[in-house]
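Residue strings, one per chain:
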Number of protein chains: 2
Amino acid sequence: MKDISKATIDRLPLYLRTLRMAQDEGLDVISSEELGRRLEITPEQIRKDLASFGQFGKKGVGYYVNELKKSISSILGLDNHWNMAIVGIGHLGSALANHHSFISLGFNLVALFDHDPAIVGKTINHVKVEDVADLEKRVKELNIHIGIITVPGQFAQDVADRLVKAKIRGIWNFAPIRMKVPDTMHIVNEDLSIGLSGLSYHISRKF
Amino acid sequence: MKDISKATIDRLPLYLRTLRMAQDEGLDVISSEELGRRLEITPEQIRKDLASFGQFGKKGVGYYVNELKKSISSILGLDNHWNMAIVGIGHLGSALANHHSFISLGFNLVALFDHDPAIVGKTINHVKVEDVADLEKRVKELNIHIGIITVPGQFAQDVADRLVKAKIRGIWNFAPIRMKVPDTMHIVNEDLSIGLSGLSYHISRKF
DNA sequence: TAGATTGTTAATCGATTAACAATC
DNA sequence: TAGATTGTTAATCGATTAACAATC
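Residues numbered from 1 in each chain as written. Chains lettered and ligands numbered in written order. Predicted model: local features only at pLDDT ≥ 70, side-chain atom pairs only at ≥ 80, totals over all residues.

A. The protein's contact with DNA strand D, seen in detail. In the neighbourhood of DNA strand D, 28 residues make up the surrounding shell, with Ser5(A), Ala7(A), Gly60(A), Gly57(B) and Gly60(B) lying closest. Those elements that provide at least two residues to the surface near DNA strand D are α1 (6-24) and α3 (43-51) of chain A together with α2 (32-39), α3 (43-51) and β3 (62-64) of chain B. No other element matches α3(B), which puts six residues into the surface near DNA strand D. Looking at the surface near DNA strand D residue by residue, the class counts come to eight nonpolar, 11 polar and nine charged. (Near = placed C-beta within 6 Å. Helix = DSSP H or I, 4+ residues; strand = E, 2+ residues; numbered from the N terminus. Nonpolar A, V, L, I, M, F, W, Y, C, P; charged D, E, K, R; others polar.)

Laid out in structure tokens, this is it:
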């Protein structure tokens with residue numbers, strides 16, 4: 001399979017979510033036209049995206065909702081049911097720990113870490129907060145695949161280094177810095193200030 | 001000025017943040033080379049991005065950190081000091097209410113809304129949670145520019161409709177749906193499942 | 001069958017990279 | 001001045017859109 005663009009990968013979760021909603025509404029079959037209408041994406045774009053992974057539709061009919069849902073889940077690797085840990089149980093870390101949509105995507109929240117003794121020992125969403133000193137040890141014991149970094153910026157690089165050393169598979173970073181990690185490490189930066197700044201840009205040009 | 005690409009706008013907040021860090025380190029001047037090194041963006045890209053808004057650098061020297069910082073702030077419209085309100089004070093809404101980086105970007109948090117009587121009346125980060133029934137009235141009274149939607153998906157469209165009717169300027173949406181709003185309304189969807197799903201995609205292909 | 005809709009190829013559009021003259 | 005670095009034009013690369021044959 002040739003390299004798939006990031007833009008395509010980014011749209012797959014949207015397709016998946018829309019298929020779920022369609023299924024909840026009782027639809028068995030959906031066309032690229034209808035998917036596009038719901039997401040404000042052109043049908044051509046959707047067909048192109050899907051076609052880069054195989055032939056999922058039936059000409060003259062459309063896509064079978066349940067089948068396509070399963071296919072996209074599998075393409076995204078969601079059926080691996082990755083084990084996740086959150087490092088930094090402040091406001092954002094706690095909010096993510098309580099966020100059910102990750103669970104419904106198939107992820108498991110298996111550990112929480114903080115260094116504040118006032119927070120260590122608390123239970124959030126049925127998971128106990130552990131001392132971050134045990135991070136490397138617990139990554140191995142619990143077979144943690146994904147580390148979510150929600151510590152303040154100045155501590156983020158250190159946490160990332162430790163996760164890399166503990167052979168985590170991927171990092172989802174909410175700290176406002178671009179961390180240095182080996183090229184082989186997958187890291188996604190979730191940068192909330194980008195969206196908000198972009199909104200500011202657009203509304204200030206409007207009037 | 002001709003239309004600037006979204007990719008360029010998305011990089012400006014990164015430049016801004018890096019300039020701040022450089023300034024904290026005592027740097028007065030920075031080159032596109034050095035900015036690029038810190039952000040893992042090519043210097044050509046950075047010069048191109050900046051050049052689409054004017055000439056901010058000095059040939060043979062680089063960019064004056066403080067000057068460029070102010071210019072980018074102004075381009076992004078951050079010196080408007082927009083008033084923001086959060087609708088939906090669950091885990092995520094509370095976390096955002098406590099998030100100081102928005103304040104440091106120049107935004108003001110002026111109101112919080114929820115419909116749960118158990119939450120209305122609480123104070124978060126010095127702001128009192130009000131009844132969402134008063135939303136439209138308060139948007140006008142407090143001159144709220146940006147509405148942040150952190151309600152569950154099934155209520156998001158209704159909240160958006162009401163914000164639009166109350167003549168809000170922009171919407172920052174965390175609910176996992178693509179809402180229908182007038183073309184003139186600026187809306188940014190902050191879709192956490194995209195980043196996480198993309199990470200899953202990449203790590204499942206790795207081995 | 002006739003109508004609908006996919007999958008794919010070709011055309012267009014847009015963004016990034018390379019190159020280099022201008023100039024501090 | 002010589003060296004460094006910007007701003008800009010041209011070349012390349014990649015993604016989206018358009019068109020349509022294939023086929024259910």
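B. Structural view of the UniProt feature "domain: CoA-binding" (unreviewed entry) in chain A. Feature annotation in UniProt assigns "domain: CoA-binding" (unreviewed entry) to the following positions: residues 77-178 of chain A. Secondary structure over residues 77-178 of chain A splits into 32% helix and 26% strand, and the C-alpha atoms at its two ends are 25 Å apart. (UniProt positions renumbered as here; feature names shortened; annotations may be inferred.)

C. Molecular detail of the protein's contact with DNA strand C. Around DNA strand C sit 27 residues, and of these Gly57(A), Gly60(A), Ser5(B), Ala7(B) and Gly60(B) come closest. Sorting the residues of the surface near DNA strand C by element identifies α2 (32-39), α3 and β3 (62-64) of chain A together with α3 of chain B as the ones contributing at least two each. The element that contributes the greatest number of residues to the surface near DNA strand C is α3(A), accounting for six residues. Of the residues assigned to the surface near DNA strand C, the class counts are eight nonpolar, 10 polar and nine charged.

D. The sheet that holds β3(B), seen in detail. Residue and element names in this part refer to chain B. With respect to topology, three strands assemble into an open sheet ordered β1-β3-β2, the strand pairing being antiparallel. Each end of this open sheet is capped by a strand with a single partner; those strands are β1 (29-30) and β2 (57-58). Looking at chain direction, β1 and β3 are connected through two bridges and run antiparallel. Following the sheet pairing, Val29 is matched in β3 by Tyr64. Its contacts with the sheet put helix α4 (residues 65-75) on β1 and β3, and the angle it makes with β3 is roughly 75°. (Pairing = 2+ DSSP bridges. Contact = placed C-beta atoms within 7 Å. Axes fitted to C-alpha atoms, helices over the stretch in contact; angles between N-to-C directions.)

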